[in-house]
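The chain contents come next:
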Amino acid sequence: MFFRLFLILLIVPVIEIYLIIKVGQVIGGAATVAILLLMSMTGAWLIRHQGGRVLTQIRDELSQGRLPAAQLLDGALIFIGGVLLTTPGFFTDFLGIFFLIPATRRFIKLWLGLWLQNKIARGGFVVRRHF
């Protein structure tokens, strides 16, 4: 697990720098910075819009006495998308926006559900109760 995290923290900045340099060579430095700022502002708008909607849904579920599990997962994915958008670069901005769009977020939730079912079926997770 530590090695995977190390690789991600090593590879992502290299990808970001490479993409920024390549895009800058094609369209120029000022246009590259403008696009990065525009993507960040779009992401900030999506975070505010989607986050507000999820908070309303969580409040509604709690007021009806239900656990808002799906909405909490949406909130977590929106948070991850926001963190990715605060990282400057095209690769992380693309991933961040992917986490913020409701249609693509459904695919992420589906994948997470399948991954979790697979882990549970193989005994990858052990649930312990401490009283």
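Everything below is about the structure shown above.
Everything quoted here is computed from the prediction, not taken from an experiment.

Participant: Sorry, what's going on with the nonpolar core here?
Facilitator: Most often, soluble globular proteins keep nonpolar side chains buried together rather than apart. Listed in full, the seven residues of the largest apolar core are Leu 46, Val 54, Ile 58, Ile 78, Leu 85, Ile 97 and Leu 100. Those elements that place two or more of their residues in this core are helix H2 (29–63), helix H3 (69–86) and helix H4 (90–100). Broken down by element, this core gets its largest block of residues, three residues, from H2. Ignoring any residue separated from it by four or fewer positions in sequence, one finds Ile 78 in contact with Ile 47, Gln 50, Gly 51, Val 54, Leu 100 and Arg 105.

Participant: Hey, could you run me through H3 in this one?
Facilitator: The α-helix advances 3.6 residues per turn, and as a result positions three or four apart in sequence lie on the same side. Its 18 residues give H3 an end-to-end C-alpha distance of 26 Å, which sits within 8% of 26 Å, the value for a rise of 1.5 Å per residue. Where H3 is concerned, the buried positions are Gln 71, Asp 74, Leu 77, Ile 78, Gly 81, Gly 82, Leu 84 and Leu 85. In an axial view of H3, the angular spread of the buried residues amounts to 160°, which keeps them on one side of the axis. Within H3, the exposed residues directed more than 90 degrees away from the buried face are Phe 79 and Thr 86. For H3, the elements touching its buried residues are H2, H4 and helix H5 (102–121).

Participant: What am I meant to see in the pattern of salt bridges here?
Facilitator: Close approach of charged atoms lets side chains of opposite charge pair. Under the defined criterion, the tally for this structure stands at three salt bridges. The shortest N-O distance in the salt bridge between Glu 61 and Arg 66 comes to 2.9 Å. Given the relative accessible area of 17%, Glu 61 is considered buried. Among the residues examined, Arg 66 registers a relative accessible area of 42% and is labelled partly exposed.

Participant: Whenever I open this one, the packing of aromatic side chains confuses me. Can you help?
Facilitator: For any pair of aromatic rings, the description consists of the separation of the ring centres together with the inter-plane angle of the planes. A complete count under the given rule lists two aromatic pairs for this structure. On the numbers, 6.5 Å between centres and 20° between planes, the contact of Trp 111 with Trp 115 is stacked. With a gap of four residues between them, Trp 111 and Trp 115 both fall in helix H5, about one helical turn apart. Accessibility expressed as a relative area gives 38% for Trp 115, which makes it partly exposed.

Definitions and cut-offs
- Residues numbered from 1 in each chain as written.
- Predicted model: local features only at pLDDT ≥ 70, side-chain atom pairs only at ≥ 80, totals over all residues.
- Heavy atoms only, no water.
- Core = buried A, V, L, I, M, F, W, Y, C linked by side-chain atoms within 4.5 Å.
- Buried < 20%, exposed > 50% of the residue type's maximum accessible area, 1.4 Å probe, protein only.
- Helix = DSSP H or I, 4+ residues; strand = E, 2+ residues; numbered from the N terminus.
- Contact = heavy atoms within 4.5 Å.
- Expected span 1.5 Å × (residues − 1).
- Arc of directions from axis to C-beta.
- Salt bridge = Lys/Arg side-chain N within 4 Å of Asp/Glu carboxyl O.
- Phe/Tyr/Trp six-rings, centres within 6.5 Å; stacked < 30°, edge-to-face > 60°.

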